[in-house]
Amino acid sequence: MAVIDTTTVAGGKGNILSRWVQNIIAQYAAWNDARITRNALSRLSDRELEDIGLSRSDIDTIAG
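Residues numbered from 1 in each chain as written. Predicted model: local features only at pLDDT ≥ 70, side-chain atom pairs only at ≥ 80, totals over all residues. Heavy atoms only, no water.

## Section: a nonpolar patch on the surface
For step 1, the next point in the chain: Together, Leu17, Trp20, Val21, Ile24 and Ile25 give the surface a local cluster of nonpolar side chains, amounting to about 480 Å² of exposed area.
For step 2, the next point in the chain: Tracing the chain through its elements places Ile25 in helix H1 (residues 13-43). (Patch = residues over 30% accessible without salt bridge, like charges linked within 9 Å, V, L, I, M, F, W, Y side chains within 5 Å. Areas by Shrake-Rupley, 256 points an atom, 1.4 Å probe, with all protein chains shown as cover. Salt bridge = Lys/Arg side-chain N within 4 Å of Asp/Glu carboxyl O. Helix = DSSP H or I, 4+ residues; strand = E, 2+ residues; numbered from the N terminus.)

## A look at the packing of aromatic side chains
Aromatic rings in a pair are described by how distant their centres are and how their planes are angled relative to each other.
For step 1, the next point in the chain: This structure, assessed with the given rule, holds 1 aromatic pair.
For step 2, the next point in the chain: Their ring planes at 35° and their centres at 5.6 Å tell us that Tyr28 and Trp31 sit as a pair that is tilted. A residue pair is termed a helical-turn pair when its members lie 3 or 4 positions apart in one helix, as Tyr28 and Trp31 do in helix H1 at 3 residues.
For step 3, the next point in the chain: For Tyr28, a relative accessible area of 52% puts it in the exposed group.
For step 4, the next point in the chain: When its relative accessible area of 48% is taken as the criterion, Trp31 is described as partly exposed. (Phe/Tyr/Trp six-rings, centres within 6.5 Å; stacked < 30°, edge-to-face > 60°. Buried < 20%, exposed > 50% of the residue type's maximum accessible area, 1.4 Å probe, protein only.)

## Topic: the environment of Leu41
For step 1, the next point in the chain: Considering the arrangement of structural elements, one finds Leu41 in helix H1.
For step 2, the next point in the chain: Separated by 18 residues in the primary sequence, Leu41 and Ile59 have C-alpha atoms spaced 6.6 Å apart.
For step 3, the next point in the chain: Discounting chain neighbours no more than four positions away, the residues touching Leu41 are Leu49, Ile52, Leu54, Arg56, Ile59 and Ile62. (Contact = heavy atoms within 4.5 Å.)

## Comments concerning the environment of Leu44
For step 1, the next point in the chain: Mapped onto the elements of the fold, Leu44 is located in the loop between H1 and helix H2 (46-51).
For step 2, the next point in the chain: Judged by its relative accessible area of 26%, Leu44 falls in the partly exposed class.
For step 3, the next point in the chain: Sequence-wise, Leu44 and Arg56 are 12 residues apart; in three dimensions their C-alpha atoms are separated by 9.1 Å.
For step 4, the next point in the chain: Discounting chain neighbours no more than four positions away, the residues touching Leu44 are Leu49, Ile52 and Arg56.

Below, the structure written as structure tokens:
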């Protein structure tokens, strides 16, 4: 899981740019976490998915 330091200096255009960049990084991190989860679950067999209470059709819902 990604960690982002959200410490910012108050005021100014730099603060807006900093929040925009942090938002882009956070969106990328969330997308990457979902991608990793989707890939890991896709590698499991149907039996293994059943053991954890999932079916193959649940993967996109969970990782999305």
